[in-house]
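Below are the chains, spelled out letter by letter.
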Number of protein chains: 2
Amino acid sequence: MSIEPAQTEHESVVDPDDFEQLRQLGQRLRIDSVRASSAAGSGHPTSSMSAADLMAVLFARHLRYDFDAPDDPRNDHLIFSKGHASPLLYALYRAAGAVSDDELLSFRRFGSRLEGHPTPIIPWVDVATGSLGQGLPYGAGVAVAGKRLDQLPYRVWVLCGDSELAEGSVWEAFDHAAYEQLDNLVAILDVNRLGQRGETMHGWDLRLYSERVRSFGWHAIEVDGHDPVAIDAAFREAAATDGRPTAIVARTLKGKGIHSVEDKNGFHGKPLADEREALDELGDIPPLRVRVAKPEGDAKPHVFEVAGGALPTYEVGDKVATRKAYGDALTALGSMRGDVVGLDGEVGNSTYAEEFAEAHPERYFEMFIAEQQMVGTAVGIQVRGWVPFASTFAAFLSRAYDFIRMSAISRADLRLCGSHAGVSIGEDGPSQMALEDIASLRAVHSSCVLYPSDANQTAKLVELMADRPGISYMRASRGAFPVIYSADERFELGGSKVVRSSDGDAVALVGAGITLHEALAAAEKLAEDGIAARVIDLYSVKPIDAATLREAAQATGGRIVTAEDHWPEGGLGEAVLSVFADGDERPRVVTLAVGDMPTSGTPAELLHAAGIDADAIAEAARRLVRG
Amino acid sequence: MSIEPAQTEHESVVDPDDFEQLRQLGQRLRIDSVRASSAAGSGHPTSSMSAADLMAVLFARHLRYDFDAPDDPRNDHLIFSKGHASPLLYALYRAAGAVSDDELLSFRRFGSRLEGHPTPIIPWVDVATGSLGQGLPYGAGVAVAGKRLDQLPYRVWVLCGDSELAEGSVWEAFDHAAYEQLDNLVAILDVNRLGQRGETMHGWDLRLYSERVRSFGWHAIEVDGHDPVAIDAAFREAAATDGRPTAIVARTLKGKGIHSVEDKNGFHGKPLADEREALDELGDIPPLRVRVAKPEGDAKPHVFEVAGGALPTYEVGDKVATRKAYGDALTALGSMRGDVVGLDGEVGNSTYAEEFAEAHPERYFEMFIAEQQMVGTAVGIQVRGWVPFASTFAAFLSRAYDFIRMSAISRADLRLCGSHAGVSIGEDGPSQMALEDIASLRAVHSSCVLYPSDANQTAKLVELMADRPGISYMRASRGAFPVIYSADERFELGGSKVVRSSDGDAVALVGAGITLHEALAAAEKLAEDGIAARVIDLYSVKPIDAATLREAAQATGGRIVTAEDHWPEGGLGEAVLSVFADGDERPRVVTLAVGDMPTSGTPAELLHAAGIDADAIAEAARRLVRG
């Protein structure tokens, strides 16, 4: 792809060494931010104007990026963590010749790729932003990919607002970036003092911000964010800083350049009231072209040599926890392909991610107890084509739910494993029991929700997850259960298995994970009563194997019992109901799930109390059959 | 309730002024932590042992708490943010005479209130912990209630682990506690260097921690966490510190007192291998009784005088956004009752919480862009009986999902309002569109999910939320739609409204919020085709009005169309399906929802593109009716 320069003949090229021209470029970016927002009738011009000079200097003198080749691994990365400053970002693209003026003015219109907040529909955008406090975590992820995986000298620039420094996730990023010594990462803090509805907690207290980031291990530089010479010096100082990331703490004016809104509250997220007047005040500055430097050298991304190998296999009948099979399989996958990366939130000895860490330390990231940054790092490294698998207790993935939601908008390819799901973990109690993960992860766009019951199945699914686009989630169990599938059994995303059936099945029992084993035990009990039960292993809750469920409904005269170690809402039971919603076949479906708040106890006691054990499944089936 | 001292005759009472006895108390707490974990066969004795001396000094010399009267408003509050140190907490209860030795040894057993992690089933526990990084945010909430609402001199003590300082949420708490000048709050950082699987990021770098908390505006004191004299001095220094909270940064040894595990990795979350040997090493220290000082004085919680008033009312036909009605109603409710408190995450001019802030500034908390701390503060103030309503964009409540999940385990009474739900917000794009909130909030235990379509309805539901136990969530819309209910219409949690019906209804259209208005428009279109459609306003998605839905299924010959501005999974459609799962009546239900990732555009364009506008609803209904 080659981008035709837009209106080149009318545009003068900025001399990067002429700081007066850089001032003019900043002003022109303000003009285009105002124009785009006015054309849209909405948007955030004042938030764009505060950062215009910072970005003008970055684009003209420091960024190394080939807009014709956004996939060039040597490119720098620029992330607008303050995604609402999208008018500025798009004005920069226009100045770089990457988008035309017409396209700039399509901002926020249906069908335009220039959305209200940036998304990777735009080829030069790595990640979606717009939920504040996420850009720096993603940037730290890209930067750590540069240091430890790609081993390339690209730099990562993240433009942050000051309001978003109130988000804890930002401090996870500060912590991790310093821990990983990411001197290829620069956070540009646009301290314009004003949030959406008034002043931030800390106003223009630049000293406070720089002391905080220094205490987190960063180099900090305070600067007048409207002085191109000072900005340039700060960028140079950042480039010269070794062993730690740099934060440029810039004092800026929101709405800079237009008296009626400059440093005034009440103008967030609004186009200028009088566009003509605003443009007059900004001055008669023609469109300017900035020649962004392209990356130099011919370095290639590092490739990890691998020894090869095969997925682990397990003997039928052996008791193996699916979390153990996850760790085994991920470790094997790491030996089979060099692009697989492991991350874990300080529970690697529970999720068995520690096996990967031991086998492939150079491709393992210990994320400590920082689930938001764990997902942030995973998203950042997949920007560069790596294949991250991130694990923690399933309950604690809820900590990163906004990050997972945004990852879907980022079109990220992400693999998550949540262990210790459900009441069946036992004594640790409800704080450690994921009971909402199926519902919340099903409700993520592009997601796949897997819940294996068996070690061989787990291994096969881990391998399939590696090549799946979008957000893939595996729910793993704490307890060890008998292997039921032979190692050569095949599984697929969107599949299920009929693990027991006969010609005379009177009812179908649908479970996954631990409840599949309970369903099998229930079928035995039912057989004693002369009731033949089909048992379905719904290991792929999303996408769901509608055909097998429909067949079961037909075969059993429309009698289905589902059981899940999860709240009733949004889980496996409702997923099954959705298959039959408007079909011709609409079976009677009894959905067993955890109703009351669990406590501590043994797994068996808690499964029984929740009414999802074999006894409860068998009893529900009997009622259906005799009902 | 009066608690019978357990085995008093065998127990000597600790002299709080004898520091050698305080050492012995610490050691006895270790003994009981080991005993409880060994009896349970699981638990976290080594994490308890590091903090035993800190807590011994606190209980004997600084805590003011009446175990016979846990609801006494003058009581101090103690929160174990490191909830896995529950053996220590329960050992403290035993030392205080609040639980018997027998009960202590029921730890983690089914039926015991001494669960693996503390929950408010125990009368002396304010909040559930066990998801790390949440105790300090809750503590900051209780402390701000003490300062600004109760206006009582109680103090809040939070025991934090060092591992959990990696959670960004902790830094939100540090930020807000300093901003609110909470000198009644003391964070005790038990820096034992070791996490679950190895060393923390920062080991024993006490200086790093104290510099960080100082940069966040706290007073910090470094101390040897096993020296009762030094610990006592630190607590006294904290008490004497005005205008800011204090962090006691204590160097401790995990597993302190038992050579085989002390300061060694690999012993997290495990009972001691040899209980007898461990107890021998800890020494022959008899059970000790500590007399915890009761609160003094006769101060009563502050009562906010209110002017009275009534809920706002709106004229049928006027266009009013439900978010505006939320702000109006909350403000009115604040005038009607003095216990209502408002919180917002720096979008009060969008959620209209700013109206409450203006009318009742003394009961309003600006939480800036820190959704986790917003929920943390709300949970903290409801501990003291206040009635919090917290609002932000519905999309950004996903940032606090783990806090909301844990709030249910805390048995918290919490009211959340999420505005700007769905694609119908328009131009801002998907990062700002909640499309998973119904699914994720339905899957919270004890939750209620409301989605009003009308301003009068919104006001009535806000009032009902105030008295509802558990987690209540209201989904509010950005756009203004015509008021359809008169101001004297009645609504209930768990209710619905049939807003259009006739004898010959051939199909039922079920919507809520914006899709209720689309359903009404669809019914008009269908009427032109000679198809009579019943329209149901399912404003209470959970609990759901099963009776009205069943009646509609019967009346229409089993034809229902649902429409929701939400992903298909776990939302309104599946909630409707769950009503009919195993009933005799199992209608054909077409569930319309947002399938593809939305972009920017006008609300009408986006509703149309998503297939949830009047045209799509009418078309689905036609297909159902014509079969």
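The rules behind the values
Residues numbered from 1 in each chain as written. Chains lettered and ligands numbered in written order. Predicted model: local features only at pLDDT ≥ 70, side-chain atom pairs only at ≥ 80, totals over all residues. Heavy atoms only, no water. Helix = DSSP H or I, 4+ residues; strand = E, 2+ residues; numbered from the N terminus. Rg over C-alpha atoms; globule rule 2.2 N^0.38 Å. Buried < 20%, exposed > 50% of the residue type's maximum accessible area, 1.4 Å probe, protein only. Contact = heavy atoms within 4.5 Å. Axes fitted to C-alpha atoms, helices over the stretch in contact; angles between N-to-C directions. Parallel < 35°, antiparallel > 145°, perpendicular 65-115°, else oblique. Left-handed = near helix turned anticlockwise from the far one by under 90°. Nonpolar A, V, L, I, M, F, W, Y, C, P; charged D, E, K, R; others polar. Pairing = 2+ DSSP bridges. Right-handed = clockwise from strand over helix to strand, strands pointing away. 1 Å grid on protein atoms, 1.4 Å probe; cavity = no way out; pocket = protein on both sides within 12 Å on 5 of 7 lines; lining within 4 Å. Points joined across faces, edges and corners; volume = space filled by probe spheres on them. Buried area = accessible area lost by both parts, 1.4 Å probe. Salt bridge = Lys/Arg side-chain N within 4 Å of Asp/Glu carboxyl O. Polar contact = N/O pair within 3.5 Å; in protein donor to acceptor, adjacent residues only side chain to side chain. Expected span 1.5 Å × (residues − 1). Patch = residues over 30% accessible without salt bridge, like charges linked within 9 Å, V, L, I, M, F, W, Y side chains within 5 Å. Areas by Shrake-Rupley, 256 points an atom, 1.4 Å probe, with all protein chains shown as cover. Lys, Arg positive; Asp, Glu negative; His and termini not counted. Charge placed at Lys NZ, Arg CZ, Asp CG, Glu CD. Phe/Tyr/Trp six-rings, centres within 6.5 Å; stacked < 30°, edge-to-face > 60°. Disulfide = S-S within 2.5 Å. Core = buried A, V, L, I, M, F, W, Y, C linked by side-chain atoms within 4.5 Å.

### Notes on the overall build of chain A
Counting secondary structure elements, chain A contains 23 helices and 21 strands. Taking 627 residues into account, the globule formula puts the C-alpha radius of gyration at 25 Å, and chain A, at 28 Å, falls close to it. Every one of the 627 residues in chain A was classed for burial, and the buried ones make up 69%. Excluding contacts between residues fewer than 6 apart, the proportion of contacts in chain A whose partners are at least 24 apart in sequence is 79%.

### Re the environment of Ala234(B)
Residues and elements named next belong to chain B. By the secondary structure assignment, Ala-234 is in helix α9 (residues 228-239). Residues Ala-234 and Ile-221 lie 13 residues apart in sequence; the distance between their C-alpha atoms is 6.5 Å. Setting aside residues no more than four positions away along its own chain, Ala-234 makes contact with Ile-221, Val-223 and Ile-248.

### Some details on the packing of helix α11 (residues 322-336) of chain B against helix α18 (residues 455-466) of chain B
Residue and element names in this part refer to chain B. Relative orientation of the contacting elements α11 and α18 amounts to 45°, with a least axis distance of 8 Å. The pairing of α11 with α18 is recorded here as oblique in orientation. Judged by the sense of rotation from one axis to the other, the crossing of α11 with α18 is right-handed. Judged by residue contacts, Thr-322, Ala-325, Tyr-326, Ala-329, Leu-330, Leu-333 and Met-336 of α11 engage Ala-455, Thr-458, Ala-459, Val-462, Glu-463 and Ala-466 from α18. Of the residues assigned to the contact of α11 with α18, the class counts are ten nonpolar, two polar and one charged.

### Here's the deal with the pairing of strand β18 (residues 533-537) of chain A
Residue and element names in this part refer to chain A. With five of five residues buried, β18 lies mostly within the body of the structure. Residue alternation in β18 divides its side chains into two sets, Ala-533, Val-535 and Asp-537 and Arg-534 and Ile-536, and both sets are buried. Inspection of the sheet shows strand β16 (residues 497-500) paired to β18 by three bridges, in the antiparallel sense. Following the sheet pairing, Val-498 is matched in β18 by Ile-536. Of the strand pairs in this sheet, strand β17 (residues 507-511) and β18 are connected by five bridges, and their pairing is parallel. Residue pairing in the sheet places Val-510 in a bridge with Ile-536 of β18. Taken together, β17, helix α19 (residues 514-528) and β18 form a β-α-β motif whose crossover is right-handed.

### What about empty space enclosed by the protein?
Residue and element names in this part refer to chain A. Applying the stated criterion to the full structure yields 14 cavities of 30 Å³ or more. Considered as a void within the structure, the largest cavity measures approximately 150 Å³ in volume. Breaking the lining of the largest cavity down by element, the ones donating at least two residues are β2 (77-80) and α4 (86-95). Per element, the largest residue contribution to the lining of the largest cavity is four residues, and it comes from β2. Partitioning the lining of the largest cavity into residue classes produces 13 nonpolar, two polar and two charged.

### Topic: the interface of chain B and chain A
On the side of chain A, 101 residues touch chain B, which itself brings 101 residues to the contact. Between chain B and chain A, the buried area comes to about 8,400 Å², and carbon and sulfur atoms account for 52% of it. On the chain B side of the interface with chain A, the three residues burying the most area are Phe110(B), Met201(B) and Arg399(B), jointly 9% of the side's total. At the surface where chain B touches chain A, the tally comes to 18 salt bridges. Seen at the junction of chain B and chain A, the total is 65 residue pairs in polar contact (both at pLDDT 80 or more).

### Some thoughts on α19(A)
Residues and elements named next belong to chain A. Look at α19: 22 Å from first C-alpha to last across 15 residues, which is about the 21 Å you get at 1.5 Å a residue. Among the residues of α19, Ile-514, Thr-515, Leu-516, His-517, Glu-518, Ala-519, Ala-522, Ala-523 and Leu-526 are the ones counted as buried. At the exit of α19 stands Gly-530, carrying a positive phi of roughly 80°.

### What about the pattern of salt bridges?
Summed over all chains, the structure comprises 96 salt bridges over all chains. Note that Asp402(B) is salt-bridged to Arg399(A), the shortest N-O span being 3.0 Å. Note that Asp402(B) is positioned in helix α16 (residues 401-409) and Arg399(A) in the loop between α15 (394-397) and α16 (401-409), a pairing that runs across two chains. Both residues of the pair, Asp402(B) and Arg399(A), count as buried. A salt bridge links Arg475(A) to Asp437(A); the shortest N-O distance between them is 2.8 Å. Pair noted here: Arg475(A) is in strand β14 (residues 471-475) and Asp437(A) is in helix α17 (residues 437-442), with a separation of 38 residues, a long-range link. Considered together, Arg475(A) and Asp437(A) belong to a single accessibility category, that of buried residues. Several salt bridges share partner residues, and in doing so they unite Glu11(A), Arg28(A), Asp32(A), Arg35(A), Arg94(A), Asp101(A) and Arg289(A) into one network.

### Quick notes on a negative patch on the surface
All names here are of chain A. A grouping of Asp-274, Glu-275, Glu-277 and Glu-281 is seen on the molecular surface, where their side chains present a negatively charged patch. Its location among the elements puts Glu-281 in helix α10 (residues 275-282). Glu-281 sits in the partly exposed class, given a relative accessible area of 39%.

### Let's talk about the packing of aromatic side chains
All names here are of chain B. Within this structure, the stated rule accounts for 38 aromatic pairs over all chains. Their ring planes at 85° and their centres at 5.4 Å tell us that Trp-157 and Phe-235 sit as a pair that is edge-to-face. Of the two residues, Trp-157 sits in strand β3 (residues 156-161) while Phe-235 sits in helix α9, which places them 78 residues apart along the sequence. Each member of the pair, Trp-157 as well as Phe-235, carries the same accessibility label: buried.

### Section: the state of the cysteines
All names here are of chain A. Enumeration according to the criterion identifies zero disulfides over all chains in this entry. No disulfide involves Cys-448; its nearest neighbouring cysteine sulfur is the one of Cys-417, lying 13 Å away. Since its relative accessible area comes to 0%, Cys-448 is described here as buried.

### Side note on the pairing of strand β11 (residues 387-393) of chain A
Along a regular strand, successive side chains alternate from one face of the sheet to the other. All names here are of chain A. Among the seven residues that make up β11, seven are buried, leaving the element largely enclosed by the rest of the structure. Two strands pair when backbone bridges link them, and strand β9 (residues 340-344) and β11 are joined in this way by five bridges, in the parallel orientation. Across the sheet, the residue bridging to Val-341 is Pro-388, located in β11.

### So, the nonpolar core
If you look at the biggest cluster of nonpolar residues, it comprises 258 residues, and the most contacted ones within it are Leu509(A) and Leu509(B). Discounting residues that sit within four places of it in the chain, Leu509(A) has contacts with Ala519(A), Ala522(A), Ala523(A), Leu526(A), Ala533(A), Arg534(A), Val535(A), Ile536(A), Val561(A), Ile617(A) and Ala621(A).

Remember, this is a structural readout, not a statement about activity or role.
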